[in-house]
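# Per-entry structural report
Residue-level listing of the chains:
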Amino acid sequence: MSDILIVDDERDIRELISDILEDEGFTTRLAGNSDDCLGHLNSEAPGLMILDIWLKDSRMDGIDILKHVKRNNPDVPVVIISGHGNVEIAVAAIKQGAYDFIEKPFNIDQLLVVIRRAMETSRLRRENNQLKRREVQAAEMIGASGAFRTLVSQLDKVTKSNGRVMLSGPSGSGKEVAARFVHANSARADAPFVTVNCAQIDPDRMEDVLFGRESGERGIEPGLLEQAHGGVIYFDEVADMPLGTQSKILRVLVDQQFLRVGGADKVRVDLRVISSSARNLEAEIEAGRFRQELYHRLNVVPIAVPSLEDRREDIPLLAEHFIEGLHKSQGLPLRALSEEAAALMQTMVWPGNVRQLRNVIERILILGEGTGDIDAREVPSEEEKPVDGDGRVVISGSVATLPLREAREAFEREYLLTQINRFGGNISKTAQFVGMERSALHRKLKSLNVVTTSRSGNRVAHVDEDEGAEIDASS
């Protein structure tokens, strides 16, 4: 994309422009009619086009070719030239996406200025897109827990295909990071990754945003589907997409083409679709809020993204990752996480999942005490504080009303549940931390009816009301 395609039905004109540009160090290609022009475009897109409005003995005139270029090669700047120039033609060309309009006979210096500016604009746009794609490729998956390893294994498998992926999981669990991971490790890694925030777009504007718009006043305004051509379109919280739009997206998935709002020409796109939802889409279908056909089209490869509760082992790793990232991006202190702070974070409730953890780390670094290790006292908690100012344990009202034996059992049960889940269901690590022999811990867990089962690739502890439940001794 470094040469210039000159399209003019007058041989003398196109050769004159070519000679001038080649003297200035540019490489050129020449076309005398619309068929030759389309042949050049299909073989390799040029860095810039110089296009005559009036083309004798051609199937398409300059405006038709301009529409074709803006639809299929939107990054190619087009400079329109015409010997029959007037204000109406110039306005029409600019509205259809032309970079500029020059009237014949043109001034050579003016032509060169316009071309250099157009080429520079095109270069900056490409660099900007490359930087955005580099950000996508930098999306890191952080973790080491069983649940995390299961997730990455599933994501690795889908990167090698072009299948549609449906990511499910609670808000803040990292579904978009998972989608970007798939894109960055696929054959489409150098193509766009475009996010559609279905929950944030006004339903009345959804179709304009997705499909784009054509009008006589404003010309062609590409939508997000067009911008994602060749790459990935990511529907974030797809359950919030309006029903009317759902049926049109279904048609796009089937035909790989669509009409812009107000347009008459179909736009063909090559897209990979990744979707996500924090809601149960089958329940949404039952309630009549989501189309079953669309669900089956999107849910080709379902992948569950675990909550932070299901991967507590990863909290220290994630916290360190966020500390390093905030240090690089915002200049916040580069502090280590103390063992006490890490242990406290692993026992906390995280309704906002990974997103909430990142916010807590940012708050600590902004409001924290100095530059030493992050202490447990600096970790904010939305729950009741475990100790008061004198270091005494604060007992909740429910425990305070129990007899001593039952209160002790309630405390031990909750404490051990928390520690086991903190260590991903690993009984050996839990025993080492709490200071018990492994066999003694097994007996204690059995007496408290605490069992571990597999969930999302991790061992998770919970209370089993069945008195005969057995503790898994393989951990």
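Here's what I pulled together on the structure shown here. (Residues numbered from 1 in each chain as written. Predicted model: local features only at pLDDT ≥ 70, side-chain atom pairs only at ≥ 80, totals over all residues. Heavy atoms only, no water.)

## Thoughts on a nonpolar patch on the surface
- A grouping of Phe-411, Tyr-415 and Phe-433 is seen on the molecular surface, where their side chains present a nonpolar patch of about 310 Å² in accessible area.
- Along the polypeptide, Phe-433 turns up in helix H18 (residues 427-434). (Patch = residues over 30% accessible without salt bridge, like charges linked within 9 Å, V, L, I, M, F, W, Y side chains within 5 Å. Areas by Shrake-Rupley, 256 points an atom, 1.4 Å probe, with all protein chains shown as cover. Salt bridge = Lys/Arg side-chain N within 4 Å of Asp/Glu carboxyl O. Helix = DSSP H or I, 4+ residues; strand = E, 2+ residues; numbered from the N terminus.)

## A look at the sheet that holds strand E4 (residues 78-82)
- One open sheet holds the five strands; their spatial order is E2-E1-E3-E4-E5, and the pairing between them is parallel. This sheet does not close on itself; its edge strands, each paired only once, are strand E2 (28-31) and strand E5 (100-103). The mean inter-strand angle of the sheet, taken between neighbouring strand axes irrespective of direction, is 20°.
- Where E4 lies against E5, four bridges are found, and the strand directions are parallel. Counted as the bridge partner of Ile-81 is Ile-102 from E5.
- Sitting on the sheet, helix H2 (residues 34-43) is in contact with strand E1 (4-7), E2 and strand E3 (48-52), with an inclination near 140° to E2.
- Relative to the sheet, helix H3 (residues 62-72) contacts E3 and E4, its axis offset from that of E3 by approximately 160°. (Pairing = 2+ DSSP bridges. Axes fitted to C-alpha atoms, helices over the stretch in contact; angles between N-to-C directions. Contact = heavy atoms within 4.5 Å.)

## Points about the sheet that holds strand E13 (residues 272-277)
- Across the sheet, which stays open at both edges, the five strands sit in the order E7-E10-E13-E6-E14 with parallel pairing between neighbours. At either end of the open sheet lies a strand with only one pairing partner, and these are strand E7 (193-197) and strand E14 (301-304). The sheet shows a mean angle of 20° between the axes of neighbouring strands, direction not considered.
- Two elements, strand E10 (residues 232-236) and E13, share four bridges in a ladder whose sense is parallel. Looking at the pairing, Tyr-234 lines up with Ile-274 of E13.

## Description of the packing of aromatic side chains
- This structure, assessed with the given rule, holds four aromatic pairs.
- Ring centres of Phe-411 and Tyr-415 lie 5.8 Å apart, and the angle between their planes is 20°; on these two criteria the pair is classed as stacked. Taken together, the positions of Phe-411 and Tyr-415, both in helix H17 (residues 404-422) and four residues apart, correspond to about one turn of that helix. (Phe/Tyr/Trp six-rings, centres within 6.5 Å; stacked < 30°, edge-to-face > 60°.)

## A few points about the environment of Pro-242
- Of note, Pro-242 is situated in the loop between E10 and helix H10 (243-255).
- Separated by 36 residues in the primary sequence, Pro-242 and Met-206 have C-alpha atoms spaced 7.9 Å apart.
- Contacts of Pro-242, omitting those with residues within four sequence positions, involve Pro-203 and Met-206.

## Examining the side chain of Arg-260
- On the secondary structure map, Arg-260 appears in the loop between strand E11 (257-259) and strand E12 (266-268).
- Apart from residues no more than four positions distant in its own chain, Arg-260 is found in contact with Arg-71, Phe-211, Gly-212, Arg-213, Glu-214, Ile-220, Glu-226 and Val-267.

## Observations regarding the nonpolar core
- Counting residues in hydrophobic clusters, the biggest one holds 32 residues, and the most contacted among them are Leu-225, Ile-233, Phe-235 and Ile-249.
- Looking at this core, the elements that each hand over two or more residues are E7, helix H8 (206-211), helix H9 (224-227), E10, H10, helix H11 (281-286) and helix H12 (292-298).
- The contacts of Ile-233, once residues within four sequence positions are left out, are Val-194, Val-196, Leu-224, Leu-225, Ala-228, Leu-271, Arg-272, Val-273 and Ile-274.
- One finds Val-7, Leu-38, Leu-51 and Ile-53 within the second-largest nonpolar core, a separate group that totals 24 residues. (Core = buried A, V, L, I, M, F, W, Y, C linked by side-chain atoms within 4.5 Å. Buried < 20%, exposed > 50% of the residue type's maximum accessible area, 1.4 Å probe, protein only.)

## Comments concerning H17
- Look at H17: 27 Å from first C-alpha to last across 19 residues, which is about the 27 Å you get at 1.5 Å a residue.
- If you check which residues of H17 are buried, you get Ala-407, Leu-416, Leu-417, Gln-419, Ile-420, Asn-421 and Arg-422.
- Trailing H17 by a residue or two, Gly-424 shows a phi angle of about 65°, which is positive. (Expected span 1.5 Å × (residues − 1).)

## What to know about unusual backbone geometry
- The residue Glu-237 is not glycine, and still its phi comes out positive at about 55°.
- For Glu-237, the position within the fold is in the loop between E10 and H10.
- Phi is positive for Asn-353, close to 60°, though the residue is something other than glycine.
- Residue position: Asn-353 is located in helix H15 (residues 353-367).

## Things to note about the pairing of E7
- With respect to burial, E7 is a largely interior element, four of its five residues being buried.
- Here E7 runs beside E10; their pairing, made up of five bridges, is parallel. Looking at the pairing, Asn-197 lines up with Asp-236 of E10.

## Remarks on the pattern of salt bridges
- Tallying each qualifying case throughout the model produces 24 salt bridges.
- Where Glu-10 meets Lys-104, a salt bridge forms, and the shortest distance between an N and an O atom there is 3.7 Å. Linking Glu-10 in the loop between E1 and helix H1 (11-23) with Lys-104 in the loop between E5 and helix H5 (108-137), this pair joins segments that are 94 residues apart in sequence.
- Judged by its relative accessible area of 42%, Glu-10 falls in the partly exposed class.
- Ionic pairing is found between Asp-375 and Arg-377, a salt bridge with its closest N-O pair at 3.0 Å.
- When salt bridges with common partners are traced through the structure, they connect Asp-8, Glu-10, Asp-52 and Lys-104 into a single cluster.

## Looking at the packing of helix H6 (residues 146-159) against helix H7 (residues 175-184)
- At a minimum axis distance of 8 Å, the contact between H6 and H7 shows a crossing angle of 40°. In terms of orientation, H6 lies oblique with respect to H7. Our pair here, H6 against H7, has a crossing hand that is right-handed. Residues Val-152, Leu-155, Asp-156, Val-158 and Thr-159 of H6 form the contact with H7, whose own contacting residues are Ala-178, Phe-181 and Val-182.
- When its residues are assigned to classes, the contact of H6 with H7 shows six nonpolar, one polar and one charged. (Parallel < 35°, antiparallel > 145°, perpendicular 65-115°, else oblique. Left-handed = near helix turned anticlockwise from the far one by under 90°. Nonpolar A, V, L, I, M, F, W, Y, C, P; charged D, E, K, R; others polar.)

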